[in-house]
Amino acid sequence: MSDLSAVFTKTSAYSLAGVVCHGMLGYLGAKAFLPRNARWQDKFTFVWLTFDALIHFSFEGSFLWLSVFGRQVNTSVGPFADMWREYAAADFRWGVADPTVVSLEILTVLGAGPLCCYILKQLANDDPARHYWLIVLSTAELYGGWVIIPLWLMVDSYTHIAGALRSAQANSRAKSKSKKA
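All of these numbers come straight from a predicted model, not from anything done at the bench.

Let us now look at the layout of surface pockets. By volume, the largest pocket is sized at about 1100 Å³. Forming the walls of the largest pocket are 33 residues, and the residues nearest its centre are His 56, Glu 60, Glu 105, Thr 108 and Gly 144. Elements supplying a minimum of two residues to the lining of the largest pocket: α2 (10-33), α3 (40-68), α4 (79-88), α5 (99-124) and α6 (130-141). With 9 residues, the single largest contributor to the lining of the largest pocket is α5.

This structure, assessed with the given rule, holds 13 aromatic pairs. Taking 4.5 Å as the distance between ring centres and 45° as the angle between the ring planes, the aromatic pair formed by Trp 65 and Phe 69 counts as tilted. For the pair shown, Trp 65 and Phe 69 are each scored as exposed. Between the aromatic rings of Tyr 132 and Trp 133, the centroid separation amounts to 4.9 Å while the plane-to-plane angle is 80°, which identifies the pairing as edge-to-face. What links up through ring pairs into an aromatic cluster is the set Phe 63, Trp 84, Tyr 87 and Trp 94.

Here we take up the packing of α6 against helix α7 (residues 148-180). Packing of α6 against α7 brings their axes to within 9 Å, and their N-to-C directions diverge by 155°. By the angle class used here, α6 and α7 are roughly antiparallel. The two elements α6 and α7 meet at a crossing, and its hand is left-handed. Residue-level inspection shows His 131, Tyr 132, Leu 134, Ile 135, Ser 138, Thr 139 and Glu 141 of α6 in contact with α7, the latter providing Pro 150, Leu 153, Met 154, Asp 156, Ser 157, Tyr 158, His 160 and Ile 161. Of the residues that constitute the contact of α6 with α7, the class distribution is 8 nonpolar, 5 polar and 2 charged.

Glancing now at the pattern of salt bridges. Scanning the entire structure with this criterion turns up 6 salt bridges. A salt bridge links Asp 91 to Arg 93, with the shortest nitrogen-to-oxygen separation between them at 2.6 Å. On the basis of relative accessibility, which here comes to 21%, the residue Asp 91 falls in the partly exposed class. For Arg 93, a relative accessible area of 31% puts it in the partly exposed group.

This part takes up the side chain of Thr 108. Here Thr 108 shows up in helix α5. Once residues lying within four places of it in the same chain are set aside, the contact partners of Thr 108 are His 56, Glu 60 and Gly 113.

Analysis parameters
Residues numbered from 1 in each chain as written. Predicted model: local features only at pLDDT ≥ 70, side-chain atom pairs only at ≥ 80, totals over all residues. Heavy atoms only, no water. 1 Å grid on protein atoms, 1.4 Å probe; cavity = no way out; pocket = protein on both sides within 12 Å on 5 of 7 lines; lining within 4 Å. Points joined across faces, edges and corners; volume = space filled by probe spheres on them. Helix = DSSP H or I, 4+ residues; strand = E, 2+ residues; numbered from the N terminus. Phe/Tyr/Trp six-rings, centres within 6.5 Å; stacked < 30°, edge-to-face > 60°. Buried < 20%, exposed > 50% of the residue type's maximum accessible area, 1.4 Å probe, protein only. Axes fitted to C-alpha atoms, helices over the stretch in contact; angles between N-to-C directions. Parallel < 35°, antiparallel > 145°, perpendicular 65-115°, else oblique. Left-handed = near helix turned anticlockwise from the far one by under 90°. Contact = heavy atoms within 4.5 Å. Nonpolar A, V, L, I, M, F, W, Y, C, P; charged D, E, K, R; others polar. Salt bridge = Lys/Arg side-chain N within 4 Å of Asp/Glu carboxyl O.

Written out as C-alpha cells, the structure is:
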C-alpha cells in the first residue's frame, strides 16, 4: 500500500480532478453551444478542443509562468509547482526550465490554445473553414502525444474538404456541359 501512496499522491488526485473538470466543461460547452442535431463527431470535437485549450492554458500555462516569470518548477511553491515537480520526476527537464521545453510550451500555450478557441467559435457557428484549421492544429498536436484524436480529426476534416471540392468540381463540369449543349 505504501508503494501506491508514493505513486498516487494528493497532488496526483488534484491534477486528475482538474483533468476531469476540464472534460466536463467541454461536455457542458458542447451541450450549450452546439445544436442538438449536431453530428456526434462535431460534439466530440467540441469537447476535445475545449479540453485541449483548457489544458494548454491552465496546466501548461502554469509551467510556462513558473519557468519564465518564476524561478523554475523545482524551486517554486504552490499546487501547480507541486504538479510539475511530480511530472519532472519522470523527465527532469520539466523541473529546470529547459529551454527546449519552454520554447515548445510557448508555442503550445500562445499558439495551440488560442487556435483551439478560434476553432471552437467556428464549430459553434458551423463554419466549414474550421476543417482547415483542425488539420493545422492536429498536425501540431501530433508532436505532443495522444495522437489518435488528432489523426482522427485530420481524417474527418479531409473527408469534408475533399467532399466539398469534389462536389464543386462536379457542379463546374455539369455547368460546362450544359453550356456546350
